[in-house]
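This is what each chain is made of:
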Amino acid sequence: MPITPTPHIWMNGEMVPWEDAKIHVLTHTLHYGTGVFEGIRAYETDDGPAIFRLTDHIERLHNSAKILDMPMPYSVGEIVEACKQVVADSGLDACYLRPIAYYGYGEMGLATSECTTDVSIAAWPWGAYLGDDAVTKGVRLKISSWTRHDHNIMPPASKTTGNYANSTLAKMEAIRAGYDEAIMLNSAGLVSECSGENVFVGMGDRLVTPPTSSGALPGITQHTVMAIAADLGYEVVVGDMARSDLYTADEMFVVGTAAEVSAVNSVDDRDIECPGPRTKAIADAYADVVRGRNPKYRSWNELAR
Ligand code: PPE
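Residues numbered from 1 in each chain as written. Predicted model: local features only at pLDDT ≥ 70, side-chain atom pairs only at ≥ 80, totals over all residues. Heavy atoms only, no water.

## Points about the overall build of the protein
Along the backbone of the protein there are 7 helices and 17 strands. Against the 2.2 N^0.38 benchmark of 19 Å for 305 residues, the protein shows a C-alpha radius of gyration of 19 Å, consistent with a compact globule. Referenced to the eigenvectors of the C-alpha coordinate spread, the extents of the protein come out at roughly 55 × 45 × 30 Å. Across the 305 residues in the protein, those meeting the buried criterion constitute 51%. If you take every contact in the protein between residues at least 6 apart in sequence, the share linking residues at least 24 apart comes to 70%. When the accessible surface of the protein is totalled, it reaches about 13,300 Å², and 52% of it is carbon and sulfur. Of the charged side chains in the protein, 24 are positive and 40 negative; the average position of the first set lies 4 Å away from that of the second. (Helix = DSSP H or I, 4+ residues; strand = E, 2+ residues; numbered from the N terminus. Rg over C-alpha atoms; globule rule 2.2 N^0.38 Å. Buried < 20%, exposed > 50% of the residue type's maximum accessible area, 1.4 Å probe, protein only. Contact = heavy atoms within 4.5 Å. Areas by Shrake-Rupley, 256 points an atom, 1.4 Å probe, with all protein chains shown as cover. Lys, Arg positive; Asp, Glu negative; His and termini not counted. Charge placed at Lys NZ, Arg CZ, Asp CG, Glu CD.)

Structure below.
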């Protein structure tokens, strides 16, 4: 998806003009995939632009770094403030934010003990990740031939840049085969997650979502949706599923910061009711929560200015 520039990118504490925000070709992370990042959305609210669950995202960034054994030069609070500064500077009411921490230029080789961690934060407008019709018409999913990372290969709970080579393999295979998105199983054959979203499946009177132990990212949207679903009176279960559970699902949707709540209309060409009643209710409630229209969750709307 093409990026629309905004005036500045925050780099190690400086607001750098967008076109000057460059790094050296011998940047360590470019070679070894040793970075950690976040994807966050800011939404227009009655009180101005608010960054949804900003602090939770930056705490996850710190956890991702900790899993990778990467020292973080800025505290959660400092990065939170920097993100607010970037959104305010962008002049946008709604945008996508991409903080990334990476080992910079100066050292080569796999040992990172002498590396320094650089941090940058960019913001730009980003529309519907899985297409404008994703909530109403739904997306077509394909079970990937690629397996989701194992915990002892690359911890999937860390949003590490290198992990996304696995997601890109799965995504491109699905797109080439004419589908919208890939869903990955783990090495035990159980449902894990999509290339960039967590999964919810309506089965009877329950909504089931795979646990972090399945190899899924501990999704912030997943957590939000679990709270909203409970408010709406649905029983939500965190549990394992086989691919056949997807084929016989009553309804299904995928969730993520970029994708928000996107309905699923088929898995491996087995049709699924779309959008199902729970999907519609949850997508509507999510749209309200992120825009500060639900007083219960107002503390999740962190004002940028
Ligand atoms: N799983 C994966 C693999 C993932 O990348 C995301 C976010 C999620 C689950 C959902 O997590 P959360 O955003 O906390 O609800 N995917 C990001 C898009 C990746 C991309 O750059 O493309 C996102 O939604 O920002």
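## Here we look at the domain arrangement of the protein
For the protein, the assigned domains read domain 1 (8–124) and domain 2 (139–290). Taking the mean C-alpha position of each, domain 1 and domain 2 sit 26 Å from one another. The interface is formed by 22 residues belonging to domain 1 together with 21 residues belonging to domain 2. Both faces considered, domain 1 and domain 2 share a buried interface measuring about 1,700 Å² in area, 62% of it formed by carbon and sulfur atoms. For the domain 1 face of the interface with domain 2, the top three residues by lost area are Phe-37, Phe-52 and Arg-60, together amounting to 34%. Applying the counting rule to domain 1 against domain 2 returns 0 salt bridges. Our enumeration of links across domain 1 and domain 2 arrives at 13 residue pairs in polar contact (both at pLDDT 80 or more). Those elements giving two or more residues to the side of domain 1 that touches domain 2 turn out to be strand S3 (36–37), strand S4 (40–45), helix H2 (54–68) and strand S6 (95–103). Counting residues per element, the side of domain 1 that touches domain 2 draws most heavily on H2, at 6 residues. For the side of domain 1 that touches domain 2, the class distribution of residues is 9 nonpolar, 8 polar and 5 charged. (Domains from an automatic or database assignment. Buried area = accessible area lost by both parts, 1.4 Å probe. Salt bridge = Lys/Arg side-chain N within 4 Å of Asp/Glu carboxyl O. Polar contact = N/O pair within 3.5 Å; in protein donor to acceptor, adjacent residues only side chain to side chain. Nonpolar A, V, L, I, M, F, W, Y, C, P; charged D, E, K, R; others polar.)

## Let's talk about the site of the ligand
Contacts to the ligand come from 20 residues, most closely from Tyr-96, Tyr-129, Tyr-164, Thr-221 and Thr-257. At 2.5 Å, a side-chain N or O of Tyr-164 approaches an oxygen atom of the ligand. Contacts to the ligand include Ile-220, whose backbone N or O atom sits 2.8 Å from an oxygen atom. Protein contacts shield 94% of the accessible area of the ligand, which totals 550 Å² for the unbound molecule. Comparing atom positions with the cavity grids shows the ligand to sit within the largest pocket. For the shell around the ligand, the secondary-structure elements that each account for two or more residues are S6, helix H5 (220–231) and strand S14 (251–256). Of the residues in the shell around the ligand, the class split is 7 nonpolar, 8 polar and 5 charged. Per-domain counts for the shell around the ligand show at least three residues from each of domain 1 (8–124) and domain 2 (139–290). (Near = heavy atom within 4 Å. 1 Å grid on protein atoms, 1.4 Å probe; cavity = no way out; pocket = protein on both sides within 12 Å on 5 of 7 lines; lining within 4 Å. Sits in = over half its atoms within 2 Å of the grid points.)

## Some details on the layout of surface pockets
Size it by volume and the largest pocket reaches roughly 1,200 Å³. Lining the largest pocket we find 47 residues, and of these Phe-37, Tyr-96, Arg-98, Trp-126 and Tyr-164 sit closest to its centre. For the lining of the largest pocket, the per-class residue count stands at 24 nonpolar, 15 polar and 8 charged. Mapping the lining of the largest pocket onto the domain boundaries places at least three of its residues in each of domain 1 (8–124) and domain 2 (139–290). Estimated volume of the second largest pocket: approximately 200 Å³. Elements represented by at least two residues in the lining of the second largest pocket include exactly strand S15 (260–267) and helix H7 (277–290). When residues in the lining of the second largest pocket are grouped by element, the largest group, 4 residues, is from H7. Split into classes, the residues belonging to the lining of the second largest pocket amount to 11 nonpolar, 2 polar and 4 charged. (Points joined across faces, edges and corners; volume = space filled by probe spheres on them.)

## Thoughts on the side chain of Ser-214
Take Ser-214: it is sitting in the loop between strand S12 (206–209) and H5. Overall, Ser-214 belongs to the buried group, its relative accessible area being 2%. Reaching out from Ser-214, the side chain makes a polar contact with the backbone oxygen of Pro-211 at a distance of 2.6 Å.

## Quick notes on helix H4 (residues 164–176)
Given a rise of 1.5 Å per residue, 13 residues ought to cover 18 Å, and the 18 Å separating the end C-alpha atoms of H4 matches this to within 8%. Of the residues making up H4, those classed as buried are Asn-166, Ser-167, Ala-170, Lys-171 and Ala-174. Buried residues along H4 cover an arc of 125° about the axis, so they all sit on one side. Contacts made by the buried residues of H4 are with strand S8 (139–147) and strand S9 (181–185). Following H4 by one or two positions, Gly-178 adopts a phi angle in the positive range, close to 95°. (Expected span 1.5 Å × (residues − 1). Arc of directions from axis to C-beta.)

## Brief notes about the packing of H5 against H7
Each pair of packed helices can be summarised by the angle the axes make with each other and by the distance between the axes. The geometry of H5 relative to H7 is characterised by a closest axis approach of 10 Å and an angle of 110° between their N-to-C directions. If you check the angle between H5 and H7, you find them roughly perpendicular. Regarding H5 and H7, the two cross each other, and that crossing is right-handed. Here Thr-221, Thr-224, Val-225, Ile-228 and Ala-229 of H5 lie close against H7, whose contacting residues are Ile-282, Ala-285, Tyr-286 and Val-289. Of the residues that constitute the contact of H5 with H7, the class distribution is 7 nonpolar, 2 polar and no charged. (Axes fitted to C-alpha atoms, helices over the stretch in contact; angles between N-to-C directions. Parallel < 35°, antiparallel > 145°, perpendicular 65-115°, else oblique. Left-handed = near helix turned anticlockwise from the far one by under 90°.)

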